[in-house]
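Architecture and fold: a report
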Amino acid sequence: MRQTATVAAVSVEQRSTRSTKILLTVAGLMLVGLIYSVVARDPDVSCPNELVGAWVTSAKGYEEGMLVFSKTGVAFSVGIEHLDAQAVRRLDVTPDGPRTLYTVVYGDSRRDEQTLSFYYHTKDQTITFKNQAHLVWTRKAVES
């Protein structure tokens, strides 16, 4: 009888140890997941100084429009009635001779990301959209 009680106690202890190991494994995986979600979020993006500022064009239909870059955001304005500002989530830079191709991914979340690709012309200090080369944007001078 004593042997049966000892075997039962060992069996309960093994189940308890197994349950503890499973619980610790699950807790460890949850901790790894939490750390990954914090570390894997989008790194801080900073637009280069050559882009920061307000950009305007005199192209027909865009006279009231403005494109504004801050260090961490982009805003589109069509006159006073419409302003859309978004966070820059990613910025890819590709040198292309005398110009630089910028691809800006922006939006409030990954689900509603949008992409804007444009060339920055170093010599003229102008911007032309990749798909609208006829629109030339220049940085608006700050009035003091």
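Quick summary incoming for the structure in this document. (Residues numbered from 1 in each chain as written. Predicted model: local features only at pLDDT ≥ 70, side-chain atom pairs only at ≥ 80, totals over all residues. Heavy atoms only, no water.)

Along the backbone of the protein there are one helix and eight strands. Across the protein, helices and strands are ordered from the amino to the carboxyl terminus as α-β-β-β-β-β-β-β-β. In the protein, which comprises 144 residues, the proportion classed as buried is 27%. Long-range contacts, defined here as pairs at least 24 residues apart, represent 32% of the contacts in the protein between residues at least 6 apart. Carbon and sulfur atoms make up 58% of the accessible area of the protein, which totals about 10500 Å². (Helix = DSSP H or I, 4+ residues; strand = E, 2+ residues; numbered from the N terminus. Buried < 20%, exposed > 50% of the residue type's maximum accessible area, 1.4 Å probe, protein only. Contact = heavy atoms within 4.5 Å. Areas by Shrake-Rupley, 256 points an atom, 1.4 Å probe, with all protein chains shown as cover.)

Strand residues, when the strand is regular, have side chains that alternate between the two faces of the sheet. Examined bridge by bridge, strand S1 (residues 53-56) and strand S2 (residues 65-69) share three bridges and lie antiparallel to one another. The residue of S2 that forms the bridge with Ala54 is Val68. As defined by bridge partners, S1 adjoins strand S8 (residues 132-139) across two bridges and the pair is classed as antiparallel. Note on S8: the bridge partner recorded for Val56 is Thr138. (Pairing = 2+ DSSP bridges.)

Let us look at the sheet that holds strand S4 (residues 82-96). An order of S1-S2-S3-S4-S5-S6-S7-S8 is seen for the eight strands of this closed barrel, with the pairing classed as antiparallel. Along the sheet, successive strands turn relative to each other by an average axial angle of 35°, direction set aside. (Axes fitted to C-alpha atoms, helices over the stretch in contact; angles between N-to-C directions.)

Before going further, it helps to examine the nonpolar core. Residues Leu67, Phe69, Phe118 and Ile127 are the most contacted members of the largest nonpolar core, which totals 20 residues. Counting only elements with at least two residues in this core, the list comes to S2, S4, strand S5 (99-106), strand S6 (114-121), strand S7 (126-129) and S8. (Core = buried A, V, L, I, M, F, W, Y, C linked by side-chain atoms within 4.5 Å.)

Coordinates in, geometry out; function isn't part of it.
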